[in-house]
Amino acid sequence: CSDDWVAVERVLRKERLGDFETTVFGVSEADWQRVMAEHRPGGVVRVQAPSPTAWGDRPLEQPYALANDRESGVVGELEVLTGPPETHYHPTVTEVAFRVRALPVGPVAG
């Protein structure tokens, strides 16, 4: 769908937990409300990024567990848990996972 995405504006913070990492994305208040309106415990979000390696210049995506919700979350913050990308998969399968883990704290370039 072309209308079920929200723009990630920035990476607010990251924390390493062994092989895992939490990444907190900053989004607008309106976008946060849209995500939380549809979120259910145990749900996932898909992070997409444009890729020149994808067929037809389409974005690639990677699913992540969303760690916060309306009760435990801060408006404007989407916290995801990332595991280490599988190195034996084709690069187009893991491209977004490597990109998310490499993002520095700060604004996300559009």
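Summarised in this report is the structure supplied together with it. Being a predicted model, the structure only gives us computed values, none of them experimental.

Rules and cut-offs
- Residues numbered from 1 in each chain as written.
- Predicted model: local features only at pLDDT ≥ 70, side-chain atom pairs only at ≥ 80, totals over all residues.
- Heavy atoms only, no water.
- Helix = DSSP H or I, 4+ residues; strand = E, 2+ residues; numbered from the N terminus.
- Rg over C-alpha atoms; globule rule 2.2 N^0.38 Å.
- Core = buried A, V, L, I, M, F, W, Y, C linked by side-chain atoms within 4.5 Å.
- Buried < 20%, exposed > 50% of the residue type's maximum accessible area, 1.4 Å probe, protein only.
- Contact = heavy atoms within 4.5 Å.
- Salt bridge = Lys/Arg side-chain N within 4 Å of Asp/Glu carboxyl O.
- Pairing = 2+ DSSP bridges.
- Polar contact = N/O pair within 3.5 Å; in protein donor to acceptor, adjacent residues only side chain to side chain.

## Section: the overall build of the chain
Working step 1: When helices and strands are tallied, the chain shows two helices and six strands.
Working step 2: Starting at the N terminus and ending at the C terminus, the chain contains elements arranged as β-β-α-β-β-β-α-β.
Working step 3: Against the 2.2 N^0.38 benchmark of 13 Å for 110 residues, the chain shows a C-alpha radius of gyration of 14 Å, consistent with a compact globule.
Working step 4: The C-alpha extent of the chain, read off along each of the three principal axes, is 40 × 35 × 25 Å.

## A few points about the nonpolar core
A general feature of soluble globular proteins is that nonpolar side chains tend to end up buried together.
Working step 1: Among the nonpolar cores identified, the biggest contains 18 residues, and Phe25, Leu66 and Leu78 are the most heavily contacted of them.
Working step 2: Setting aside its immediate chain neighbours within four residues, Leu78 contacts Thr23, Val24, Phe25, Val27, Trp32, Val35, Met36, Leu66 and Asn68.

## Let's talk about the pattern of salt bridges
Working step 1: Considering all chains together, one arrives at six salt bridges under this definition.
Working step 2: Across the salt bridge formed by Glu9 and Arg10, the nearest N and O atoms sit 2.7 Å from each other.
Working step 3: Between Glu77 and Arg13 there is a salt bridge, and its shortest N-O distance comes to 2.8 Å. Separated by 64 residues along the polypeptide, Glu77 in strand β5 (residues 77–82) and Arg13 in strand β1 (residues 10–17) bring together distant segments of the chain.
Working step 4: Overall, the relative accessible area of 16% leaves Glu77 in the buried class.
Working step 5: Relative accessible area serves as the criterion here: at 40%, Arg13 is assigned to the partly exposed category.
Working step 6: Through salt bridges with shared partners, one network takes in Lys14, Arg16 and Glu21.

## Regarding the pairing of strand β2 (residues 20–26)
Working step 1: For β2, the buried fraction is high: six of the seven residues fall into the buried class.
Working step 2: Relative to β2, β1 is paired through seven bridges, and the arrangement is antiparallel. Residue pairing in the sheet places Arg16 in a bridge with Glu21 of β2.
Working step 3: Note: β2 against β5, six bridges, orientation antiparallel. The residue of β5 that forms the bridge with Thr22 is Leu81.

## Some thoughts on the side chain of Thr82
Working step 1: Counting through the fold element by element, Thr82 comes out in strand β5.
Working step 2: Polar side-chain contacts of Thr82 include one of 3.2 Å to the side chain of Arg101.
Working step 3: The contacts of Thr82, once residues within four sequence positions are left out, are Asp19, Phe20, Glu21, Thr23, Tyr64, Val100 and Arg101.

## Here we look at the side chain of Gln62
Working step 1: In this structure, Gln62 sits in strand β4 (residues 60–66).
Working step 2: When neighbours within four sequence positions are excluded, Gln62 is seen to be in contact with Val45, Arg46, Val47, Val93, Val96 and Ala97.

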